[in-house]
Amino acid sequence: MPEAMSWEEEARCNDHDPEMFFATRPRAEGRAKAICSRCPVSFECLQFALAARVEFGVWGGLSSKERMVLLREAPRPARSRRLQPAFSG
Ligand code: SF4
């Protein structure tokens with residue numbers, strides 16, 4: 001039985017210079033985003049970057065600033081409440 005491929009193995013950026021995805025120049029960022037837009041695993045990539053709070057580079061088609069905006073605007077999980085006993089006394 002063949003092993004399942006991880007999403008990184010299907011990443012379109014594997015065939016490109018990684019520097020492009022971490023460059024700060026707008027033109028390089030635009031080229032990286034264009035590659036991401038045709039990537040079959042962009043959802044998984046973005047999900048990983050958001051969960052790991054990756055600070056640098058283009059991931060899942062979003063720049064670090066764009067990801068930070070998403071994280072700031074995302075609803076926070078409800079704080080766990082201490083369970084109260086059903087009966088007291
Ligand atoms: S979406 Fe992620 S995995 Fe796909 S090309 Fe862009 S950076 Fe690479």
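All residue numbers here refer to positions counted from 1 along the written sequence of the relevant chain. The predicted origin of the model limits local features to residues at a pLDDT of at least 70 and limits the giving and counting of side-chain atom pairs to 80 or more, whereas totals for whole chains, interfaces and linings rest on all residues.

(A) Inspection of the overall build of the protein at higher detail. A count of helical and extended segments in the protein gives four helices and zero strands. Comment: elements are numbered from the N terminus, with helices defined as DSSP H or I runs of at least four residues and strands as E runs of at least two. N-terminal to C-terminal, the α/β element order of the protein is α-α-α-α. With 89 residues in all, the protein has 13% of them scored as buried. We call two residues in contact if the C-beta atoms placed from their backbones are at most 7 Å apart. Looking at the protein alone, contacts between residues at least 24 apart form 41% of all its contacts between residues at least 6 apart. The burial label depends on the number of other C-beta atoms within 10 Å of a residue's C-beta. Counts of 20 or more mean buried, 12 or fewer mean exposed, and intermediate counts mean partly exposed, with C-beta atoms placed from the backbone.

(B) Representation of the site of the ligand. Note on definitions: a residue is near a molecule or strand provided its C-beta atom, placed from the backbone, lies within 6 Å of it. In the region of the ligand, 14 residues are neighbours, and A11, C13, C36, C39 and C45 sit closest. Those elements giving two or more residues to the shell around the ligand turn out to be helix 2 (26-37) and helix 3 (42-52). Looking at the shell around the ligand residue by residue, the class counts come to 10 nonpolar, three polar and one charged. Gly is put with the polar residues, along with every residue not named as nonpolar or charged; the nonpolar set is Ala, Val, Leu, Ile, Met, Phe, Trp, Tyr, Cys and Pro, and the charged set is Asp, Glu, Lys and Arg.

(C) Just the nonpolar core, in detail. Grouped together as the largest cluster of nonpolar side chains are nine residues: A32, C36, V41, C45, L46, A49, V58, W59 and L62. Only helix 2 and helix 3 provide two or more residues apiece to this core. A per-element tally of this core places helix 3 first, with three residues. Other than its neighbours up to four places away in sequence, V58 contacts F21, E29, A32, K33, C36 and S63. Note on terminology: a nonpolar core is a set of buried residues of type Ala, Val, Leu, Ile, Met, Phe, Trp, Tyr or Cys, with members joined through C-beta atoms within 7 Å.

(D) Layout of the environment of S37. For S37, the position within the fold is in helix 2. Separated by 24 residues in the primary sequence, S37 and G61 have C-alpha atoms spaced 6.3 Å apart.

(E) Here's a closer look at the environment of W59. Topologically, W59 is positioned in the loop between helix 3 and helix 4 (64-73). The buried category is assigned to W59, around which 23 C-beta atoms lie within 10 Å. Counting along the chain gives 27 residues from W59 to A32, while the straight-line C-alpha distance between them is 8.9 Å. With residues up to four places along the chain from it excluded, the contact list for W59 reads C45, L46, A49, V54 and R67.

(F) Representation of the environment of Q47. The residue Q47 is located in helix 3 in this model. Assessed through the 14 C-beta atoms surrounding it within 10 Å, Q47 is described here as partly exposed. For the pair Q47 and W59, spaced 12 residues apart in sequence, the C-alpha separation works out to 9.0 Å.

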